[in-house]
Amino acid sequence: MATGLIWLLIPLTKVNATESRQLETLNQPQNHLSELNQYTQLDATPITPVNELSDVQPTDWAFQALQSLVERYGCLTGYANGTFQGNRAMTRFEFAAAFNACLDKINQSLNAETTNAVTQEDLMKVQKLQEQFATELATVRGRVDTVETVTQQLEQQQFSTTTKLDGQIIVAAADAFGDASRRGNGDDSNLALYNRARINFITSFTGKDRLLLRMQASNVVNPIAPGNEARLSFQSGGDSNNNVSISKLEYRFLVGKKVEVFVGTGFNTYFDDADVINPLQSDAYGTVSRFGRYNTVYRLGGDTGVGVTFIPNENFKAQFFYLAGNANNPSRGLFNSKYGALGQLIWYPNSEDKATKIAFTYVNAYSENGLGHNTGSLASNLNDRKVSSNSYGIEANFKINDGFQLGGWVGYINARALTGDVKGDADIWNWAVTLAFPDLGKQGNLGGIIVGMQPKLTGSSAQLSGLPRRDPDTGFHIEAFYRYQINDRISITPGVILLTAPNHNEQNGDIFLGVVRTTFRI
């Protein structure tokens, strides 16, 4: 008798909440899940009554038989006292789903060969219930088989078991007004429409590492201005023809519990792979200006190298990065061309508040064509000459309350011109004050204000070839933006920037820049 029952029970697949969760993870079609969940979810919650289809009454023999099986074998665990709430009617499909769960439990008891695990009386009840509900049991099994088939198809057709894809699309419009021209006299800038698309392939092999491959296409061209002050945050790379390229390839992994190692390459690789402190830094969700993202000292160096982050305790973090500019050129390599070496110490005054922090940054760099930070005045970049530099930065951010953070930075670059008719030293400064308003208006929104001075050549030991001894005046960067989160995947960010004395020269008229950026997360 028992042997025959085991053979009869094996084809009846158990339907439980764990399997339902697995199927949801695989993103199964909702029609199958909704139909199945209408009858199941037996291991987690009581069965939902459908009064208008009350086919099995509490007074029926079948109902009472199932009730005794549930209480004896613990088929349904949704009730706190372990009993079956047999005081309401059930549809025949509800009943069949519950009975199917009991069949599995009883079969487990038989396979365990526990002494007196299943009584002869219970086996008789099971046999009779199977006969009376054969049609409903077959339907439940058929629905489960359908879902299992779809699951198998998705597993076979899925892109990867270890890699996930995410993407980001930016669509923006921008125009500059005032004296937006190279000569600083007259408006040569027109309304322009931009797009930038990125796809990230993200893989983890151990759960404690991350491999990221980013593909990018962009057509963003910066607005016209006398200097580099009008550059946009989301302009990335040298291509503006929507050609697809690998913009970033990086691998991060842990060494023990306190050390993270970074290895990366691509034109999206900067020192901003370290912590730049600024909560407004995101080029897609934060500031609309290049300068507003972080201290200019982070923009020195190359695009290929390694980084190490060491966290000795909850109050301190140390970071060391080395990035070379021609690492793929055998005649130059990692150490015989453009490079940047960064060392940074970050202090968290309150270990429970990671938004409040102060950083002290040092960068030693060398370049064969100026500093290459591409912000501020043209003179501050020291273009068209080999340059070595030592740079120092202090960055800070303080969380005043949940809706307001105050921060900023100051950066100093001491550069030496190594080539040209006249060689010598030059001093470049930049600074900014940032105000961040998280969740302004509603959760997910962000307001930001940035006031600062973009990089300025403040003095030099000699008049370097083709450059003034210093920038003649001081211009300011005044920016405000507001990111409105339409939903969890779409945000729109209008922003305005006022640039006074562009190129740090009062002979150039002020520039007013308007930007509207829409970001889609896919």
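Scroll up for the structure.
Parameters and conventions
Residues numbered from 1 in each chain as written. Predicted model: local features only at pLDDT ≥ 70, side-chain atom pairs only at ≥ 80, totals over all residues. Heavy atoms only, no water. Helix = DSSP H or I, 4+ residues; strand = E, 2+ residues; numbered from the N terminus. Buried < 20%, exposed > 50% of the residue type's maximum accessible area, 1.4 Å probe, protein only. Contact = heavy atoms within 4.5 Å. Areas by Shrake-Rupley, 256 points an atom, 1.4 Å probe, with all protein chains shown as cover. Polar contact = N/O pair within 3.5 Å; in protein donor to acceptor, adjacent residues only side chain to side chain. Expected span 1.5 Å × (residues − 1). Arc of directions from axis to C-beta. Phe/Tyr/Trp six-rings, centres within 6.5 Å; stacked < 30°, edge-to-face > 60°. Lys NZ or Arg CZ within 6 Å of the ring centre and 35° of its normal. Axes fitted to C-alpha atoms, helices over the stretch in contact; angles between N-to-C directions. Parallel < 35°, antiparallel > 145°, perpendicular 65-115°, else oblique. Left-handed = near helix turned anticlockwise from the far one by under 90°. Nonpolar A, V, L, I, M, F, W, Y, C, P; charged D, E, K, R; others polar. Salt bridge = Lys/Arg side-chain N within 4 Å of Asp/Glu carboxyl O. Pairing = 2+ DSSP bridges.

**Student:** Which parts of the structure should I look at to understand the overall build of the chain?
**Tutor:** On a plain count of helices and strands, the chain comes out with seven helices and 16 strands. A buried classification covers 46% of the 522 residues belonging to the chain. Sequence-distant contacts, at least 24 apart, represent 65% of the contacts inside the chain between residues at least 6 apart. Total accessible area on the chain is roughly 24400 Å²; 54% of this is exposed by carbon and sulfur atoms.

**Student:** What exactly am I supposed to notice about the side chain of Thr203 here?
**Tutor:** Of note, Thr203 is situated in strand β2 (residues 192-203). Among the residues examined, Thr203 registers a relative accessible area of 8% and is labelled buried. Among the polar contacts made by the side chain of Thr203, one reaches the side chain of Thr163 at a distance of 2.5 Å. If we skip the residues at most four places from it in the chain, Thr203 touches Thr162, Thr163, Asp209, Arg210 and Leu211.

**Student:** Please explain helix α4 (residues 61-73) as it appears in this structure.
**Tutor:** Think of an α-helix as 3.6 residues a turn; residues three or four steps apart then line up on the same face. Taking 1.5 Å of rise per residue, the 13 residues of α4 would be expected to cover 18 Å, and the 18 Å separating its terminal C-alpha atoms lies within 8% of that figure. For α4, the full list of buried residues reads Ala62, Phe63, Ala65, Leu66, Leu69, Val70 and Tyr73. Viewed along the axis of α4, the buried residues span an arc of 165°, placing them on a single side of the element. Just beyond α4, the residue with positive phi is Gly74, at close to 60°.

**Student:** Help me out: how do you make sense of the packing of aromatic side chains in this one?
**Tutor:** Any pair of aromatic rings gets described here by the distance separating the centres and the angle formed by the planes. All chains considered together, the criterion is met by 14 aromatic pairs. Summarising the aromatic geometry, the rings of Phe262 and Phe321 are spaced 5.6 Å apart at their centres and angled 40° between planes, so their arrangement reads as tilted. Taken together, the positions of Phe262 in strand β5 (residues 259-265) and Phe321 in strand β7 (residues 316-324) put the pair 59 residues apart, joining distant regions of the chain. The buried category is assigned to Phe262, whose relative accessible area is 1%. Aromatic pair Tyr322 and Tyr339: ring centres 5.9 Å apart, planes at 15°, arrangement stacked. Taken together, the residues Tyr322 in strand β7 and Tyr339 in strand β8 (residues 339-347) connect sequence positions 17 residues apart. The rings of Tyr322, Phe335, Tyr339 and Tyr366 are connected pair by pair, giving a single aromatic cluster. The side chain of Lys128 reaches across the aromatic face of Trp61, ending 4.4 Å from its centre. A cation over an aromatic ring shows up here: Lys354 above the ring of Tyr348, its NZ or CZ 4.3 Å from the ring centre.

**Student:** Where do I start with the packing of α4 against helix α6 (residues 120-132) in this structure?
**Tutor:** When two helices pack together, their arrangement is given by the angle between the helix axes and by the axis-to-axis distance. Two elements in contact, α4 and α6, have axes separated by 10 Å at closest approach and are oriented at 130°. Taken together, the axes of α4 and α6 lie oblique to each other. Crossing angle aside, the handedness with which α4 passes α6 is left-handed. Within the contact between the two elements, α4 uses Trp61, Ala62, Ala65, Leu66, Ser68, Leu69, Arg72 and Tyr73 and α6 uses Asp122, Lys125, Val126, Lys128, Leu129 and Gln132. Residues of the contact of α4 with α6, tallied by class, amount to eight nonpolar, two polar and four charged.

**Student:** Where do I start with the pattern of salt bridges in this structure?
**Tutor:** Opposite charge on two side chains lets them pair, provided their charged atoms get close. The full count for this structure, using the stated rule, is 17 salt bridges. In this structure, Asp188 and Arg183 form a salt bridge, with 3.0 Å as the shortest nitrogen-oxygen distance. Of the residues examined, Arg183 reaches a relative accessible area of 53% and is grouped as exposed. A salt bridge links Asp402 to Lys399, with the nearest nitrogen and oxygen atoms 3.3 Å apart. Lys399 sits in the partly exposed class, given a relative accessible area of 35%. A single salt-bridge network, built from bridges that share partners, covers Arg210, Lys248, Glu250, Arg252, Glu260 and Asp273.

**Student:** Please explain the pairing of β5 as it appears in this structure.
**Tutor:** With seven bridges connecting them, strand β4 (residues 245-255) and β5 associate as antiparallel partners. Directly across from Tyr251, in β5, lies its bridge partner Val263. Between β4 and the antiparallel strand that follows it, β5, lie three residues; Gly256 among them carries a positive phi value of about 70°. The pairing of β5 with strand β6 (residues 304-313) spans six bridges and is classified as antiparallel. Residue pairing across strands places Glu260 opposite Thr309, the latter belonging to β6.

**Student:** Honestly, the environment of Arg231 in this entry has me stumped. Any pointers?
**Tutor:** Tracing the sequence through the fold places Arg231 in the loop between β3 (209-218) and β4. Owing to a relative accessible area of 19%, Arg231 belongs among the buried residues under this scheme. Sequence-wise, Arg231 and Thr375 are 144 residues apart; in three dimensions their C-alpha atoms are separated by 7.4 Å. Side-chain polar atoms of Arg231 contact the side chain of Gln235, separated by 3.2 Å. Reaching out from Arg231, the side chain makes a polar contact with the backbone oxygen of Asn374 at a distance of 3.2 Å.

Function-wise, these values are silent; they only describe arrangement.
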